[in-house]
Amino acid sequence: MFMTNKVTQGVTLRGDPAREDCFKVVHLHNELYDFNDMSEVSRRQRLHRHMHNEMQSLEIAAQSLADFPDAPWDLRLQLARQCWDETRHAMLLYRRLLELGGRKGEFPVMNYEWSVTLMSDSLPARLALQNRTFEGGEMDLLRQLIAKWREVGDERTAEMLGGILADEIQHVRFANQWVKRMAKEDPRILLKVAMAIRFLKEVTAALAPQPGEVNAAGVDLTGYKHLDVFANIEDRRTAEFTEEEIAELLRQEGFGSITSEGQPA
Ligand SMILES: [Fe+2]
Ligand SMILES: [Fe+2]
């Protein structure tokens, strides 16, 4: 069932995981209801989307456990712990969604991370995509979201996201440790990682919205950048990104002058 692929905008991606009938699964960003405010419906949509992302994180880690039975035991243990964390996160978000009057399946869902990550047949490459890239990005986003929820007076959700962030840092950290360790033992792994990152770039380009394109909630998709997030430096250090990697990230986000100023050559 998981092995079938799908073609979206000309790119071959892993077919969607099983979902309950209440969920409407879509394949493009313009079919999602991402609001750009903190209205009540937007709050429910944010929780719903995050809940579904946690479900995907769980499924990706679990699928890797099943696909790589010969991976080092300590790494398998980390993946198993990650499954437990992601399950807890999904349940926390689901409960909060219910408290705010929402329901499972209230908004369409997209299995983007699953579809991209599971196209790779290499565990280090999957860790580089899912943990290092997607969860690394989530880590940055969470810091901003915590402040956003606090601003509208929802301390409970803000605190819940703070707890989730602490776990995400660990997921990024163990992936960083293992990708580096495995690449040291077998440098050919870096090629697999590079291929996976290139694939992600291809998918991002193929699925990028056209100028003026709006999503299902009427929000202009090109009006804001999806990854327009100032890198969360402290958390990235804790997650064991090197200073060079953090500097590169800041450079990509247009903050290059910050990193080059006052830095030893
Ligand atoms: Fe999570
Ligand atoms: Fe995670």
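Going by the structure above, here's the rest.
Here's what I pulled together on the structure shown here. If you're wondering where the values come from, they're calculated on a predicted model, not measured in any experiment.

About the cut-offs
- Along each chain, residue indices are assigned from 1 in the same order as the chain's sequence is written.
- Ligands are numbered from 1 and chains lettered from A, in the order in which they are written.
- Local features in this predicted model are restricted to residues of pLDDT 70 or higher, and side-chain atom pairs are both shown and tallied only at a pLDDT of 80 or more, whereas totals for entire chains, interfaces and linings draw on every residue.
- Water and hydrogen atoms were dropped before computing side-chain values, which therefore reflect all heavy atoms in the structure.
- Interaxial angles span 0 to 180 degrees and are taken between N-to-C directions of axes, which are lines fitted to C-alpha atoms, for helices over the stretch in contact.
- Only DSSP runs of H or I covering at least 4 residues are called helices, and only runs of E covering at least 2 are called strands; the numbering of each starts at the N terminus.
- Throughout, the term roughly parallel applies to angles under 35 degrees, roughly antiparallel to angles over 145, roughly perpendicular to angles from 65 to 115, and oblique to all others.
- Crossing handedness follows the turn of the near helix against the far one: under a right angle anticlockwise gives a left-handed crossing, and clockwise gives a right-handed one.
- Contacts are assigned to residue pairs that have any heavy atoms within 4.5 Å of one another.
- The buried label goes to any residue with under 20% of its type's maximum accessible area, the exposed label to any with over 50%, and the partly exposed label to all in between, with areas taken from a 1.4 Å probe on protein chains only.
- Two strands are said to pair when DSSP picks up at least two bridges between them.
- Counted as donors are N, O and S atoms no farther than 2.8 Å from the metal, or 3.2 Å for Na, K and Ca; water is not among the atoms, and sites may therefore look incomplete.
- Here the nonpolar group is Ala, Val, Leu, Ile, Met, Phe, Trp, Tyr, Cys and Pro; Asp, Glu, Lys and Arg are the charged ones; every other residue, Gly included, is treated as polar.

**What to know about the packing of helix α1 (residues 40–67) against helix α5 (residues 155–185)**
No. 1: Packing of α1 against α5 leaves a shortest axis separation of 14 Å and a crossing angle of 25°. As far as their axial angle goes, α5 and α1 are roughly parallel. For the pair α1 and α5, the crossing hand works out as left-handed. Where α1 approaches α5, its residues Leu47, His50 and Glu54 are matched on the opposing element by Thr157, Met160, Leu161, Ile164 and Glu168.

**Points about the environment of Gln130**
No. 1: Along the chain, Gln130 turns up in helix α4 (residues 123–151).
No. 2: Relative accessible area serves as the criterion here: at 2%, Gln130 is assigned to the buried category.
No. 3: For the pair Gln130 and Phe23, spaced 107 residues apart in the sequence, the C-alpha separation amounts to 23 Å.

**A closer look at the pairing of strand β2 (residues 11–14)**
No. 1: Examined bridge by bridge, strand β1 (residues 5–8) and β2 share four bridges and lie antiparallel to one another. The residue of β2 that forms the bridge with Asn5 is Arg14.
No. 2: If you look at the hairpin formed by β1 and β2, you'll find two residues sitting between the two strands, and Gln9 has a positive phi there, around 50°.

**A closer look at the environment of Leu98**
No. 1: Note that Leu98 resides in helix α2 (residues 73–99).
No. 2: For the pair Leu98 and His48, spaced 50 residues apart in sequence, the C-alpha to C-alpha distance is 9.8 Å.

**Concerning the coordination of the iron ion (ligand 2)**
No. 1: The coordination sphere of the iron ion (ligand 2) contains the protein donors Glu86 (OE), Glu135 (OE), Glu168 (OE) and His171 (ND1), at a distance range of 1.8 to 2.2 Å.
No. 2: Sequence positions of the donors to the iron ion (ligand 2) reduce to the motif E-x48-E-x32-E-x2-H.

**A few points about the coordination of the iron ion (ligand 1)**
No. 1: Those protein atoms acting as donors to the iron ion (ligand 1) are Glu54 (OE), Glu86 (OE), His89 (ND1) and Glu168 (OE), and they sit at 1.9 to 2.3 Å.
No. 2: In this structure, the iron ion (ligand 1) lies 3.4 Å away from the iron ion (ligand 2), the two metals sharing Glu86 as a donor. In this pair, Glu54 is assigned in helix α1 and Glu168 in helix α5, connecting sequence segments 114 residues apart.

**Observations regarding the packing of α2 against α5**
Helix-helix packing is described using two parameters, namely the angle between the two axes and the distance between the axes.
No. 1: The interhelical angle for the contact between α2 and α5, taken along N-to-C directions, is 160°, at an axis separation of 11 Å. Relative to α5, the element α2 lies roughly antiparallel. As for the relative orientation of α2 and α5, their crossing is left-handed in sense.
No. 2: Along the lines of polarity and charge, the residues of the contact of α2 with α5 split into ten nonpolar, six polar and nine charged.

Geometric descriptors of this kind do not, in isolation, establish any biological role.
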